[in-house]
Amino acid sequence: MYSKTQVYLELLAVFPIFLLIIFTLPDNLSWPLRSTIGITGASVWLWVLEPIPLALTSLLVIAALPILNATSLDTALSGFSNGSTFLIMAGFMMSQGVNSTTLGKRFANYSIIRFGGSIYGVLLGVLLAPQILSFFIPGTAVRTTLLLPAVMAVIISMKLSLSSNIAKLLILGLTFGASISGVGLLPAALANVLTADLIKNILGQDIYYFTWFMITWPIWLFMIPITWLILPTLFPPETKYLEVNQLRTELKELGKLSSQDKKCLIILAVTVVLWMTESFHKLPTAVPAILATVFMGLPGIGIVGWDKLKEIEWGTIIMIGASLSMASALNNSGAADFLAGELLSFQGLQTGLSTPLLLVFLLILLTHFYHLVVTNISTVVLTLTPIMLQIALKLGVNPLLVAITINIATLFGFLLIVQTLPSVVTYTTGVYTSMDMLRAGFWLTIASLVVMIITAQVWWPFIGLN
């Protein structure tokens, strides 16, 4: 628990942090550039230590940008007119609509029953379930929340101890599987949407559904069996067979699909088709999600009322909007370009980033270390990516490769519980400890590093991402 004194001290620390940055930077730099960097440094301090809620820090950022003449009010609010912000909002609302039906429970139970019997089969079902859901449900945390009750039902029905290796296998399988499920599809993770938005704003390049999939599918595909092999090695199951009859009973009791279930399926199917055909109709990713939310709430053809749809985490929406505004300020003021130049002044870094093999390795390493300090995925993407894109442009390196590498490495925050939302959700079960996650996460991080480097060296040049 934070004491009031600690909270006050951490809050007051933003003033010396801001002033230190302002007076440390060269005097010949413009005031908007210096103040933007100062605000970024102070906000990262608050986002990391969280003496106040993240959303409150985000509102403070919005106010600070025009007050300190870092940028105009229009730029400070620009994140809230961004498609990414509305996609996240609509995704949360879509999940509320799905939760109002029995589809989530049906799918979760069926996924485990389909591979049930052996512990390895159930683990595979747990790993594959979020991958399939990623086609329909944006947000790794939402998919985790939908699947967690079914996984816990298996543990409880088998009368397994929460500290047993089987329980750890299944819950950690869901945790890592949900994080991996965010890699392959553009709307599947918040980080993907933010990265695509930064690429468009900074580089003027549109990233479509299938473009993203073509770049990321090898990493997505290979991390699933690797996780399936690593987890049982680290947590050998006490028995090889699991009983899933309780899930069969629950599935049978649900009966046939209701009219609400069918309407929800149709809305989700149409949304996925619109996402897949984005390169043809040119509608931004947010538009199909917004339409899906509208149809879910319409009288007659809808499946849920507005009172239920609006019960989402608005604090996250505020944080995303503010973070996007800050990213715009970093680019418009020239702060990202300046910081990129300063980073390149470090001896050997420019040479390392100019070497294809070292480039991907250093980007992954830098992202992982930064993510250990700045645990929020959105903050990592929106503060690190603009700077590294400027470095890529200075060195003549493919900026798309840089952005995608940072994005995927951020999603693979396997070491600390606070690094990803799926781990935050599943940790509340009390099944695994932080050391359990660190133990498994270390080997999965090494595996993901190898997979990403091989993909970058073999597949990406093949599709023109040199």
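Remember, predicted model here, so these are calculated numbers, not experimental data.

1. Details of empty space enclosed by the protein
Then, number 1: Per the counting criterion, the structure on display carries two cavities of 30 Å³ or more.
Then, number 2: One number sums up the size of the largest cavity: a volume of about 40 Å³.
Then, number 3: Surrounding the largest cavity, Leu353, Leu359, Leu363, Met388, Ile391, Ala392, Leu395, Val397 and Val402 form its lining.
Then, number 4: Elements represented by at least two residues in the lining of the largest cavity include exactly α21 (356-373) and α22 (377-395).
Then, number 5: In terms of residue count, α22 provides more of the lining of the largest cavity than any other element does, four residues in total.
Then, number 6: Taken as a whole, the second largest cavity holds about 30 Å³ of empty space.
Then, number 7: Listed by contribution, the elements that provide at least two residues to the lining of the second largest cavity are α7 (103-114), α8 (119-133) and α9 (140-157).
Then, number 8: When its residues are assigned to classes, the lining of the second largest cavity shows seven nonpolar, two polar and no charged.

2. Topic: the pattern of salt bridges
Then, number 1: Scanning the entire structure with this criterion turns up six salt bridges.
Then, number 2: A salt bridge links Lys168 to Asp436; the nearest nitrogen and oxygen atoms lie 3.3 Å apart. Of this pair, Lys168 sits in helix α10 (residues 165-180) while Asp436 sits in helix α25 (residues 434-462), and the two are 268 residues apart along the sequence. Like Asp436, Lys168 is buried.
Then, number 3: In this structure, the salt-bridge partner of Asp307 is Lys310, at a minimum N-O distance of 3.8 Å.
Then, number 4: Lys310 gets classed as partly exposed once you look at its relative accessible area, which sits at 36%.

3. Section: the packing of aromatic side chains
Then, number 1: Summed over the entire model, instances satisfying the criterion amount to nine aromatic pairs.
Then, number 2: Ring centres of Trp217 and Trp459 lie 5.4 Å apart, and the angle between their planes is 75°; on these two criteria the pair is classed as edge-to-face. Of this pair, Trp217 sits in helix α12 (residues 209-234) while Trp459 is found in helix α25, placing the two residues 242 residues apart along the sequence.
Then, number 3: On the basis of relative accessibility, which here comes to 27%, the residue Trp217 falls in the partly exposed class.
Then, number 4: A relative accessible area of 18% places Trp459 in the buried class.

4. Digging into the nonpolar core
A general trend in soluble globular proteins is that nonpolar side chains are found buried together.
Then, number 1: Ranked by internal contacts, the top residues of the largest apolar core, which has 147 residues, are Ile112, Leu170, Ile219, Met296, Phe412 and Trp460.
Then, number 2: Residue contributions to this core peak at eleven residues, all from α25.
Then, number 3: Here Ile219 is in contact with Val183, Ile408, Phe412, Val451, Met452, Thr455 and Trp460, once residues within four sequence places are set aside.

5. Some thoughts on the layout of surface pockets
Then, number 1: For the largest pocket, the calculated volume is near 1,100 Å³.
Then, number 2: If you trace the largest pocket, you find 42 residues lining it, with Phe92, Ala141, Thr316, Asn376 and Leu421 closest to the centre.
Then, number 3: At seven residues, helix α6 (residues 83-99) tops the list of elements feeding residues into the lining of the largest pocket.
Then, number 4: Considered class by class, the residues forming the lining of the largest pocket number 24 nonpolar, 15 polar and three charged.
Then, number 5: By volume, the second largest pocket is sized at about 450 Å³.
Then, number 6: Lining of the second largest pocket is provided by 14 residues; of these, Thr40, Gly41, Leu339, Tyr370 and Ile387 occupy positions nearest its centre.

6. Re α25
Then, number 1: The end-to-end C-alpha distance of α25, which contains 29 residues, comes to 40 Å, matching closely the 42 Å that a straight helix rising 1.5 Å per residue would cover.
Then, number 2: The sharpest bend along α25 reaches about 40° and sits at Ala456.
Then, number 3: Looking one or two residues beyond α25, the residue adopting positive phi is Gly464, at roughly 90°.

7. Things to note about the confidence of the model for the protein chain
Then, number 1: Confidence in the prediction for the protein chain averages 86 pLDDT; 99% of positions are at 70 or higher.
Then, number 2: Averaged pLDDT values over the elements of the protein chain bottom out at 71 in helix α20 (residues 349-354) and peak at 94 in α12.

8. Points about the packing of α8 against α10
Then, number 1: Closest axis-to-axis distance for the α8/α10 pair is 7 Å, and the angle between their directions is 25°. One element, α8, and the other, α10, form an angle in the roughly parallel class. Note that α8 runs across α10; the crossing there is right-handed. Between α8 and α10, the contacting residues are Ile119, Val122, Leu123, Val126, Leu127, Pro130 and Gln131 on the first element and Ile166, Leu169, Leu170, Gly173, Leu174, Gly177, Ala178 and Ile180 on the second.
Then, number 2: Looking at the contact of α8 with α10 residue by residue, the class counts come to twelve nonpolar, three polar and no charged.

Scoring rules and cut-offs
- Residues numbered from 1 in each chain as written.
- Predicted model: local features only at pLDDT ≥ 70, side-chain atom pairs only at ≥ 80, totals over all residues.
- Heavy atoms only, no water.
- 1 Å grid on protein atoms, 1.4 Å probe; cavity = no way out; pocket = protein on both sides within 12 Å on 5 of 7 lines; lining within 4 Å.
- Points joined across faces, edges and corners; volume = space filled by probe spheres on them.
- Helix = DSSP H or I, 4+ residues; strand = E, 2+ residues; numbered from the N terminus.
- Nonpolar A, V, L, I, M, F, W, Y, C, P; charged D, E, K, R; others polar.
- Salt bridge = Lys/Arg side-chain N within 4 Å of Asp/Glu carboxyl O.
- Buried < 20%, exposed > 50% of the residue type's maximum accessible area, 1.4 Å probe, protein only.
- Phe/Tyr/Trp six-rings, centres within 6.5 Å; stacked < 30°, edge-to-face > 60°.
- Core = buried A, V, L, I, M, F, W, Y, C linked by side-chain atoms within 4.5 Å.
- Contact = heavy atoms within 4.5 Å.
- Expected span 1.5 Å × (residues − 1).
- Bend = angle between axes of the 7 residues up to and from the residue.
- pLDDT = per-residue confidence, 0-100.
- Axes fitted to C-alpha atoms, helices over the stretch in contact; angles between N-to-C directions.
- Parallel < 35°, antiparallel > 145°, perpendicular 65-115°, else oblique.
- Left-handed = near helix turned anticlockwise from the far one by under 90°.

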